[in-house]
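Results of the structural survey
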Amino acid sequence: MLTWKEVMEFAVRGNLEPDRRVEKTDEEWKAILTPEQFRITRKKGTEAAHSGALCSIYDAGLYNCVCCNTPLFDSTIKFESGSGWPSFTQPIKPNAIKYEKDNMYGMVRVEVMCSTCDAHQGHVFPDGPEPSGLRYCINSESMKLDKED
Ligand SMILES: [Zn+2]
């Protein structure tokens, strides 16, 4: 299980290698994403709190990157944080996510990206529930739910 200490080490020293890489130009991403998905995932945007379609959905399934379809999170690690964004306590596996320190807006935060295609997903904070203590705060627009049935 990842903890804040390991997340900080990834952000400072470098991330784990992903299983595969997907690289496209902005024009190629624009062709397959909605304008809002493009703004958030490729330009590090943020959706308005409580606006996301996946915010209050707890159906069983995988949360895949909207850009490259790689599973990033699953419903067993999703929780209601009250923040207005879908929240998770762990990635589906350690090398699915990459971390980078983000100094935007004068705050030091840790940005969360898909390690396969570098899609911006959101941020991770050290105030999540035990045992990991992590809260991955993710944009609904960055993911698509692959429901189990
Ligand atoms: Zn991706």
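So, here is what we can say about the structure in this document.

Rules used in this analysis
- Residues numbered from 1 in each chain as written.
- Predicted model: local features only at pLDDT ≥ 70, side-chain atom pairs only at ≥ 80, totals over all residues.
- Heavy atoms only, no water.
- Salt bridge = Lys/Arg side-chain N within 4 Å of Asp/Glu carboxyl O.
- Helix = DSSP H or I, 4+ residues; strand = E, 2+ residues; numbered from the N terminus.
- Buried < 20%, exposed > 50% of the residue type's maximum accessible area, 1.4 Å probe, protein only.
- Donors = N, O, S within 2.8 Å, 3.2 Å for Na, K, Ca; no water.
- Pairing = 2+ DSSP bridges.

1. Some thoughts on the pattern of salt bridges
Tallying each qualifying case throughout the model produces twelve salt bridges. Asp-118 is the partner of Arg-21 in a salt bridge, and the nearest nitrogen-oxygen pair spans 3.0 Å. With Arg-21 in the loop between α1 (4–13) and α2 (26–32) and Asp-118 in the loop between β6 (109–114) and β7 (120–125), this residue pair connects regions lying 97 residues apart in the sequence. Among the residues examined, Arg-21 registers a relative accessible area of 37% and is labelled partly exposed. Residue Asp-59 pairs with Lys-147 through a salt bridge whose shortest N-O separation is 3.2 Å.

2. Remarks on the coordination of the zinc ion
Each donor-metal-donor angle would ideally measure 109.5 degrees in four-coordinate tetrahedral geometry, or 90 or 180 degrees in six-coordinate octahedral geometry. Taken together, the protein ligands of the zinc ion are Cys-65 (SG), Cys-68 (SG), Cys-114 (SG) and Cys-117 (SG), with distances of 2.3 Å. Counting residues between consecutive donors of the zinc ion along the chain gives the motif C-x2-C-x45-C-x2-C. Residue classification places Cys-65 among the buried positions, given a relative accessible area of 0%. For Cys-68, a relative accessible area of 11% translates into the label buried.

3. Focus on the pairing of β7
Along β7, five of the six residues are buried, which leaves the element largely enclosed by surrounding structure. Two elements, β6 and β7, share four bridges in a ladder whose sense is antiparallel. When the sheet's bridge partners are listed, Val-110 is paired in β7 with Val-124. Between the antiparallel neighbours β6 and β7 lie five residues, among them Asp-118 with a positive phi of about 65°.

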